[in-house]
Amino acid sequence: MQYRRLGHSGLPLSVLSLGTWATFGKSVGRSLARNMLALAWDRGVNFFDSAETYGNGVAEALMGDVLADLRFPRDSWCVSSKVFFGAQDHPRPTQRGLSRKHVIEACEQALQRLRVDYLDLYFCHRPDPDTPVAETVAAMDFLVRQGKVLYWGTSEWPAEGIREAFRVARENHLTAPTMEQPQYNLLHRERVELEYAPLYEDYGLGTTTWSPLASGLLSGKYDGGVPADSRLAQPDYAWLHDKVLGERGEQVAKVRRLRPLADELGCSTAQLAIAWCLANPHVSTVMLGASRTEQLEHNLAALDVLPRLDEAMRQRVAQAVA
Ligand code: NDP
């Protein structure tokens, strides 16, 4: 495993980490979750990502149960939660959003589900147009000062919103955000590469990036249709189908064009796609998702591809899917 500091903070995160969306508590039950966390740990992964909304808290409870069972020393791994969407199908107004009330209560609830005394990373899962940014920054600062959160950040905030959070924090001597959690993969690049570009220099922003395989698409698994045991076949994720494959399946054709390049590198398209994300130095950690232990094992081996992915090859890869 390799480790990178989370932006300009001192926190070293494994460059590959493990997320729980759409898997833990869904396709991944307790024994599989235990195997996956044990494998990840064994390979040096030190960051596990979750959110209040994943399975309405079930993913966090499962991860907390397994981490307690595995008894890895608490000072050797990091866990995250995210607040905004709520942990109910139909949250009441105070059970969602980024008000001081919900940010603080959601943190308490995540601590209980995850069975930890503090969250290493805590994210505002989306911007909240109904809450002043200053209120959210103050709530995060309060949690940091209480020792309940070590690093806080945003997820899918526009650059302007992130700038405002930094400005408010600096002007009021409050704890500024450390990281953003954006989608980043070969088919979704603009925000990380262009919109956020000035933020890395100006604020030392770190990134924990999501969906390196675009929900599995970049593994090539959707080449011949939608396999019955895949994410896009799950009724809960019907809304993702066109988003991921394109209305006429045009995204699938792009992935086919990656095959010869992966062959040249002696790896799979999944490993190529993950290594390609890792090659961006502004990515602090690439969060993997897996519904089986074999997928996780396979994806972790993307690290071996990284040294073979020089600048010329990175450009050919990007052109292949452009
Ligand atoms: P990916 O894009 O890597 O998709 C993972 C899924 O792809 C797996 O669950 C599996 O689904 C399939 N897959 C993975 N590896 C392989 C393989 N080698 N061969 C074939 N299929 C494979 O990542 P996620 O979309 O899961 O995102 C990763 C993490 O990022 C999440 O767990 C979550 O923690 C975080 N996230 C954050 C968001 C945010 O808004 N902040 C939004 C989304 C995710 P299957 O087998 O079921 O087809």
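Residues numbered from 1 in each chain as written. Predicted model: local features only at pLDDT ≥ 70, side-chain atom pairs only at ≥ 80, totals over all residues. Heavy atoms only, no water.

## Notes on the layout of surface pockets
Picture a little ball the size of a water molecule; that probe, rolled over the atoms, points out where space is still empty.
Inference 1: Roughly 150 Å³ of volume is contained in the second largest pocket.
Inference 2: What lines the second largest pocket is a set of 13 residues, and nearest its centre among them are Gly 7, His 8, Leu 205, Pro 281 and His 282.
Inference 3: Its residues assigned to classes, the lining of the second largest pocket shows four nonpolar, six polar and three charged. (1 Å grid on protein atoms, 1.4 Å probe; cavity = no way out; pocket = protein on both sides within 12 Å on 5 of 7 lines; lining within 4 Å. Points joined across faces, edges and corners; volume = space filled by probe spheres on them. Nonpolar A, V, L, I, M, F, W, Y, C, P; charged D, E, K, R; others polar.)

## So, the site of the ligand
Inference 1: By nearness alone, 31 residues border the ligand, and Asp 49, Ser 211, Lys 221, Arg 231 and Ser 291 come closest of all.
Inference 2: Between the ligand and Asp 49 there is a distance of 2.6 Å, counted from an oxygen atom to a side-chain nitrogen or oxygen.
Inference 3: Within the side chain of Arg 231, one N or O atom sits 2.7 Å away from an oxygen atom of the ligand.
Inference 4: For the ligand, whose accessible area on its own is 910 Å², the fraction buried by protein is 94%.
Inference 5: Counting only elements with at least two residues in the shell around the ligand, the list comes to strand 10 (285-288) and helix 12 (293-300).
Inference 6: The dominant element in the shell around the ligand, judged by the number of residues it contributes, is helix 12, at three residues. (Near = heavy atom within 4 Å. Polar contact = N/O pair within 3.5 Å; in protein donor to acceptor, adjacent residues only side chain to side chain. Areas by Shrake-Rupley, 256 points an atom, 1.4 Å probe, with all protein chains shown as cover. Helix = DSSP H or I, 4+ residues; strand = E, 2+ residues; numbered from the N terminus.)

## Describing the packing of helix 3 (residues 100-114) against helix 4 (residues 133-146)
When two helices pack together, their arrangement is captured by the angle between the axes and the distance separating the axes.
Inference 1: Relative to each other, helix 3 and helix 4 sit at 30 degrees, their axes nearing to 9 Å. Between helix 3 and helix 4, the angle falls in the class roughly parallel. Relative to helix 4, the crossing made by helix 3 is right-handed. Contacts between helix 3 and helix 4 involve Arg 100, Val 103, Ile 104 and Cys 107 from the first element and Glu 135, Thr 136, Ala 138, Ala 139, Met 140, Phe 142 and Leu 143 from the second.
Inference 2: Within the contact of helix 3 with helix 4, the residues separate by chemical class into eight nonpolar, one polar and two charged. (Axes fitted to C-alpha atoms, helices over the stretch in contact; angles between N-to-C directions. Parallel < 35°, antiparallel > 145°, perpendicular 65-115°, else oblique. Left-handed = near helix turned anticlockwise from the far one by under 90°. Contact = heavy atoms within 4.5 Å.)

## Digging into the environment of Gly 7
Inference 1: Relative to the elements of secondary structure, Gly 7 occurs in the loop between strand 1 (3-5) and strand 2 (12-14).
Inference 2: Between the C-alpha atoms of Gly 7 and Thr 207, which are 200 residues apart in sequence, the distance is 7.0 Å.
Inference 3: Ignoring anything within four residues of it in the chain, the contact list for Gly 7 reads Gly 204, Leu 205, Gly 206 and Ser 284.

## Topic: the side chain of Ser 17
Inference 1: Locating Ser 17 in the fold gives a position in strand 3 (residues 16-19).
Inference 2: Overall, Ser 17 belongs to the buried group, its relative accessible area being 1%.
Inference 3: Here Thr 285 takes part through its side chain, which lies 2.7 Å from a polar atom of the side chain of Ser 17.
Inference 4: Not counting residues within four places of it along the chain, the set of residues in contact with Ser 17 comprises Val 45, Phe 47, Thr 285, Val 286, Met 287 and Leu 288. (Buried < 20%, exposed > 50% of the residue type's maximum accessible area, 1.4 Å probe, protein only.)

## What to know about unusual backbone geometry
Inference 1: If you check the backbone angles, Ala 22 has positive phi at about 65 degrees while not being a glycine.
Inference 2: For Ala 22, the position within the fold is in the loop between strand 3 and helix 1 (30-42).
Inference 3: We note that Ser 211 has phi near 55 degrees; this positive angle belongs to a residue other than glycine.
Inference 4: Topologically, Ser 211 is positioned in the loop between strand 9 (206-209) and helix 8 (241-245).

## Regarding the sheet that holds strand 10
Inference 1: Strand order in the closed barrel made by the eight strands is 3-4-5-6-7-8-9-10, with parallel pairing throughout.
Inference 2: Pairing of strand 7 (residues 149-154) with strand 8 (residues 179-180) involves two bridges; the strand directions are parallel. Opposite Gly 153, over in strand 8, you have Met 179 as the bridge partner. (Pairing = 2+ DSSP bridges.)

## Here's the deal with the side chain of Asn 280
Inference 1: Among the structural elements, Asn 280 can be located in the loop between helix 11 (269-278) and strand 10.
Inference 2: When sequence neighbours within four positions are dropped, the list of residues in contact with Asn 280 reads Arg 4, Tyr 184, Val 192 and Glu 193.

## Here's the deal with the packing of aromatic side chains
Inference 1: Within the structure shown, the criterion is met by seven aromatic pairs.
Inference 2: Their ring planes at 10 degrees and their centres at 4.1 Å tell us that Trp 41 and Phe 72 sit as a pair that is stacked. With Trp 41 in helix 1 and Phe 72 in the loop between helix 2 (58-70) and strand 5 (78-83), this pair connects stretches of sequence that are 31 residues apart.
Inference 3: Both rings, one in Phe 166 and one in Tyr 203, keep their centres 4.1 Å apart while their planes meet at 15 degrees; by these two values the pair is stacked. With Phe 166 in helix 5 (residues 159-171) and Tyr 203 in helix 7 (residues 197-203), this pair connects stretches of sequence that are 37 residues apart. (Phe/Tyr/Trp six-rings, centres within 6.5 Å; stacked < 30°, edge-to-face > 60°.)

## A few points about the packing of helix 1 against helix 2
Inference 1: Direction vectors running N to C along helix 1 and helix 2 enclose 60 degrees, while the axes themselves pass 10 Å from each other. Between helix 1 and helix 2, the interaxial angle falls into the category oblique. Seen from above, helix 1 lies across helix 2 with right-handed handedness. Contact residues: helix 1 offers Arg 30, Ala 33, Arg 34, Leu 37 and Ala 38, while helix 2 offers Leu 62, Met 63, Asp 65, Val 66, Leu 67, Asp 69 and Leu 70.

In short, shape yes, function no, at least from these values alone.
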